[in-house]
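Listed here are the chains, written in short residue letters.
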Amino acid sequence: EDKRWPGWQVVVGIETHAQIKSRRKLFSGKITGTNPDEPPNKHVSPFDAAFPGTLPKLNSKCVDLAIRTALALKSDIQHRSSFDRKHYFYSDLPSGYQITQQYAPIALRGQLNIQMPNSSAVPVRIKQIQLEQDTAKSTLNPRKRISNIDLNRAGAGLMEIVSEPDLRSPEEAGMFVRTLQAVLRAIGASDGNMEQGSLRCDVNVSVNRVGRPPGTRCEIKNLNSVKFMMAAITHEIIRQRAILESASDLETCTVPQETRGFDENTFETYRLRSKEDAPDYRYMPDPNLGVLVLSQDRVQAIRDSLPELPWETRHRLREMYALSERDIDVLLSVDSGREVTFDGEKDVDGSGAVAMTHELLGQLSARKETFTDNSLTSDHLGELIDLVQNGTITGTSGKYLLRHMLAKPSSLRPAQITQQLRLTSLSSFSSSGHSNPTSTTDQELTTLCQAAITALPNEVAAVRAGNKNVMNKIVGRVMRESRGRADAKGVKALVEELILGGGDKS
Ligand SMILES: Nc1ncnc2c1ncn2[C@@H]1O[C@H](COP(=O)(O)OP(=O)(O)OP(=O)(O)O)[C@@H](O)[C@H]1O
Ligand SMILES: [Mg+2]
Ligand SMILES: [Mg+2]
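Keep in mind that what you see is a predicted model, and the values were worked out from it rather than measured.

The next subject is the coordination of the magnesium ion (ligand 2). Protein ligation of the magnesium ion (ligand 2) involves Glu15 (OE) and Glu160 (OE), the donor distances falling in the range 2.1 to 2.2 Å. Between the magnesium ion (ligand 2) and the magnesium ion (ligand 3), the interatomic distance is 3.7 Å, and Glu15 donates to each metal, bridging them. You can see Glu15 sitting in strand β1 (residues 8-19) and its partner Glu160 sitting in strand β10 (residues 157-163), a full 145 residues away along the chain. For Glu15, a relative accessible area of 15% translates into the label buried. Overall, Glu160 belongs to the buried group, its relative accessible area being 10%.

Right under this line is the structure:
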């Protein structure tokens, strides 16, 4: 029993909308325009804008990611599913309907276990997973009294993941969303970022006296952080309980079924519409889309390539390094979602997070320190991994930077230390293909290569005579002089160019 509401049971079910991490939209093949820095209406096909005569074509990459999600959530994949039109009229929906899977969703009956501190795992049943389109983004300008529509997001792929009403407190609801986020990120199905809108939740809340049947639910729409979601549930519990307690006839009194919003300033929910004015969506099968048939083989292939799931990673860290649960939490928060890029592809240098985590554990044991003692925050470790992953520093420099940060703890961010120690990688035009040839790091690399060429005249002559193996000696020298800031392939290309010249190999 919860001390906050003795005698009452709280029932919560969550509908989660997760943006599918695919480069292209669900039906139009256009780039998914979810980057807020891009100009509005840049990525719009005639289909996204609902021009008459345009037809949908299902993006199979989105389907694969939905299958991954369904497998991670232990659901029954439906070998036949189909698409329906859900009609409503709003400026963010050009066609007047959203394509969704109302009658035959891609997956049914799943499960996600959540772990509350100091208690056993709570199984939460997943009712269904369905594919659907995202809407456009509308921004209201109250001063000019107009609303701006940006179709970049229109038609992007979403998964709606619906839970059964198995959650019993705001805390369990929060844990459910966090756990789901971690799964979606680990398998690369979604960024799962509530603040940026790639994960949006509707929560359904009801209360009933202990031992009595469940109450009538109210649905709170569009919560964009776990904190707000928990606050909304708490307010809803208090509100619904007050209605039921003030009733004259305790037996027949019910909370009116409503759709509600959440006010981020007052932390209260407010009425949007009652059940009576619930829209009639006039669902109908989409005549332009056939049945989605999934073969046994396709599902099996996705099952075989499923990345490690968070609870498996947890198990591995616990077994291999005997870390505490708290420490594992820290590492998992660093690790999440860095292994898979768009469309389920493995990130080429994506093992960066895993590699750096192993490096950290290795360096700590060399220093005879435990993970708990270490002063590095998960935030800083994450930034360090990003610096390596986006090429700002090389892997070698990353290890050096890590050693430095462990030896001299400070509040400086890894990027600042990188500047201070001048660890920024020396790019070369040939290695990255798009760096700025006049930048100082490029010039520095050219200078280093030229110095090596001057210092090793015999080797240079050998290379000119056609002995390519000698190249390694020149490259090795540049690598040493660069203190690990250059990458070997780029250096090799640049040295070759400097010795043999650009186009005179004929
Ligand atoms: N008594 C209850 N108390 C709290 N939540 C409930 C209760 N009964 C059902 N729910 C939850 O309500 C949600 C219902 O979502 P579902 O998508 O099935 O339908 P909907 O909300 O009517 O439709 P829509 O997708 O158009 O919003 C589920 O998450 C379910 O777990
Ligand atoms: Mg729903
Ligand atoms: Mg709903």
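What follows concerns the environment of Ile99. Here Ile99 lies in strand β5 (residues 97-100). Distance in space between the C-alpha atoms of Ile99 and Gln257 is 26 Å, their sequence separation being 158 residues. Once residues lying within four places of it in the same chain are set aside, the contact partners of Ile99 are Phe27, Phe47, Phe83, Asp84, Leu131, Glu132, Gln133, Asp286 and Leu289.

Now for the coordination of the magnesium ion (ligand 3). Surrounding the magnesium ion (ligand 3) are the protein donor atoms Glu15 (OE), Glu15 (OE), Glu219 (OE) and Glu219 (OE), which sit 2.2 to 2.5 Å from the metal. Geometry at the magnesium ion (ligand 3) is irregular, judged from its six donor atoms and the angles of 52 to 155° they form at the metal. Assessed through its relative accessible area of 12%, Glu219 is described here as buried.

Another aspect to go through is the side chain of Ser190. Within the element layout of this structure, Ser190 appears in the loop between α2 (170-186) and β11 (199-209). Separated by 2.8 Å, the side chain of Ser190 and the backbone oxygen of Gln19 make a polar contact. In contact with Ser190, other than residues within four places in its own chain, are Ala18, Gln19, Lys21, Leu184, Arg185 and Ser198.

Once that is clear, we can look at empty space enclosed by the protein. Per the stated rule, a full pass over the model turns up two cavities of 30 Å³ or more. In this structure, the second largest cavity spans a volume of roughly 30 Å³. The wall of the second largest cavity is formed by Val330, Leu360, Phe371, Asn374, Leu376, Thr377, Ser378 and Leu381. Residues belonging to the lining of the second largest cavity are distributed by class as follows: five nonpolar, three polar and no charged.

The subject of this paragraph is the site of ligand 1. Close to ligand 1 lie 18 residues, the nearest being Glu15, Lys127, Ser163, Pro165 and Ser206. Taking Ser163, its main chain carries an N or O atom lying 2.6 Å from an oxygen atom of ligand 1. One of the side-chain nitrogen or oxygen atoms of Arg217 is found 3.1 Å away from an oxygen atom of ligand 1. Protein contacts shield 76% of the accessible area of ligand 1, which totals 650 Å² for the unbound molecule. Elements that contribute at least two residues to the shell around ligand 1 include exactly β1, β10, β11 and β12 (218-223). Per element, the largest residue contribution to the shell around ligand 1 is four residues, and it comes from β1.

Another aspect to go through is the domain arrangement of the protein chain. As far as domains go, the protein chain holds domain 1 (15-204), domain 2 (307-420) and domain 3 (429-500). Here the C-alpha centre of domain 3 lies 49 Å away from the C-alpha centre of domain 1.

Next up on the list: the sheet that holds strand β13 (residues 258-263). Taken together, the nine strands give an open sheet; going across it, the order is β2-β6-β7-β10-β1-β11-β12-β13-β14, and neighbouring strands pair in mixed fashion. Every other strand in the sheet has two partners, leaving β2 (76-77) and β14 (268-274) as the edge strands with one partner each. The sheet strands contacting α2 are β1, β6 (107-114), β7 (122-133), β10 and β11, and the helix crosses β6 at an angle near 110°.

Ile14, Ile106 and Phe176 are the most contacted members of the largest nonpolar core, which has 69 residues in total. Not counting residues up to four positions away in its chain, the partners in contact with Ile106 are Val63, Ala66, Ile67, Asp76, Ile77, Gln78, Ser81, Gln101, Ile129, Leu131, Leu292 and Leu294. Leu323, Ile328, Leu406 and Leu423 belong to the second largest nonpolar core, which has 22 residues in total.

In this section: the confidence of the model for the protein chain. Predicted coordinates in regions of low pLDDT should not be interpreted in detail. Taken over all residues, the pLDDT of the protein chain has a mean of 86, while the share at 70 or more is 93%. Within the model, pLDDT remains below 50 along residues 428-437, and this stretch shows 19 contacts once partners closer than five positions in the same chain are excluded.

Let's shift gears to the pairing of strand β9 (residues 146-150). In this sheet, β9 lies alongside strand β8 (residues 137-141) in antiparallel orientation, the contact comprising five bridges. Bridge assignment links Lys137 to a residue of β9, and that residue is Asp150. Taken together, β8 and the strand that follows it, β9, pair antiparallel across an intervening segment of four residues, in which Arg145 is found at a positive phi of about 55°.

With that out of the way, let us pick up the packing of helix α13 (residues 457-464) against helix α14 (residues 471-481). Packing of α13 against α14 brings their axes to within 9 Å, and their N-to-C directions diverge by 135°. As the angle between them shows, α13 and α14 are arranged oblique. Crossing geometry of α13 relative to α14 is assigned as left-handed. On the side of α13, the interface is formed by Glu459, Val460 and Val463, while α14 contributes Met471, Lys473 and Ile474. Looking at the contact of α13 with α14, its residues break down into four nonpolar, no polar and two charged.

Here we come to the pattern of salt bridges. Enumeration over the complete set of coordinates arrives at 27 salt bridges. One salt bridge in this structure joins Arg217 and Glu219, with 3.6 Å as the shortest N-O distance. Measuring nitrogen to oxygen at the nearest pair gives 3.6 Å for the salt bridge that ties Arg422 to Glu444. Residue Arg422 is found in the loop between α10 (414-420) and α11 (429-432), and its partner Glu444 is found in helix α12 (residues 440-455); the two are separated by 22 residues along the sequence. Owing to a relative accessible area of 48%, Arg422 belongs among the partly exposed residues under this scheme. It is possible to trace a salt-bridge network through shared partners that takes in Glu236, Arg239, Glu258, Arg260 and Arg271.

Turning to α13, a few remarks are in order. Given 3.6 residues to a turn, an α-helix orients residues that are three or four positions apart in the same direction. Within α13, the full set of buried residues consists of Glu459, Val460 and Val463. Down the axis, α13 shows its buried residues gathered within 100° of arc, on one side only. Exposed side of α13, more than 90 degrees from the buried face: Pro457, Asn458 and Arg464 are the residues found there. Just past α13, the residue Gly466 takes up positive phi, approximately 110°.

What counts as what
- Residues numbered from 1 in each chain as written.
- Chains lettered and ligands numbered in written order.
- Predicted model: local features only at pLDDT ≥ 70, side-chain atom pairs only at ≥ 80, totals over all residues.
- Heavy atoms only, no water.
- Donors = N, O, S within 2.8 Å, 3.2 Å for Na, K, Ca; no water.
- Helix = DSSP H or I, 4+ residues; strand = E, 2+ residues; numbered from the N terminus.
- Buried < 20%, exposed > 50% of the residue type's maximum accessible area, 1.4 Å probe, protein only.
- Contact = heavy atoms within 4.5 Å.
- Tetrahedral: all angles 85-135°; square planar, octahedral: opposite > 155°, others 65-115°.
- Polar contact = N/O pair within 3.5 Å; in protein donor to acceptor, adjacent residues only side chain to side chain.
- 1 Å grid on protein atoms, 1.4 Å probe; cavity = no way out; pocket = protein on both sides within 12 Å on 5 of 7 lines; lining within 4 Å.
- Points joined across faces, edges and corners; volume = space filled by probe spheres on them.
- Nonpolar A, V, L, I, M, F, W, Y, C, P; charged D, E, K, R; others polar.
- Near = heavy atom within 4 Å.
- Areas by Shrake-Rupley, 256 points an atom, 1.4 Å probe, with all protein chains shown as cover.
- Domains from an automatic or database assignment.
- Pairing = 2+ DSSP bridges.
- Axes fitted to C-alpha atoms, helices over the stretch in contact; angles between N-to-C directions.
- Core = buried A, V, L, I, M, F, W, Y, C linked by side-chain atoms within 4.5 Å.
- pLDDT = per-residue confidence, 0-100.
- Parallel < 35°, antiparallel > 145°, perpendicular 65-115°, else oblique.
- Left-handed = near helix turned anticlockwise from the far one by under 90°.
- Salt bridge = Lys/Arg side-chain N within 4 Å of Asp/Glu carboxyl O.
- Arc of directions from axis to C-beta.

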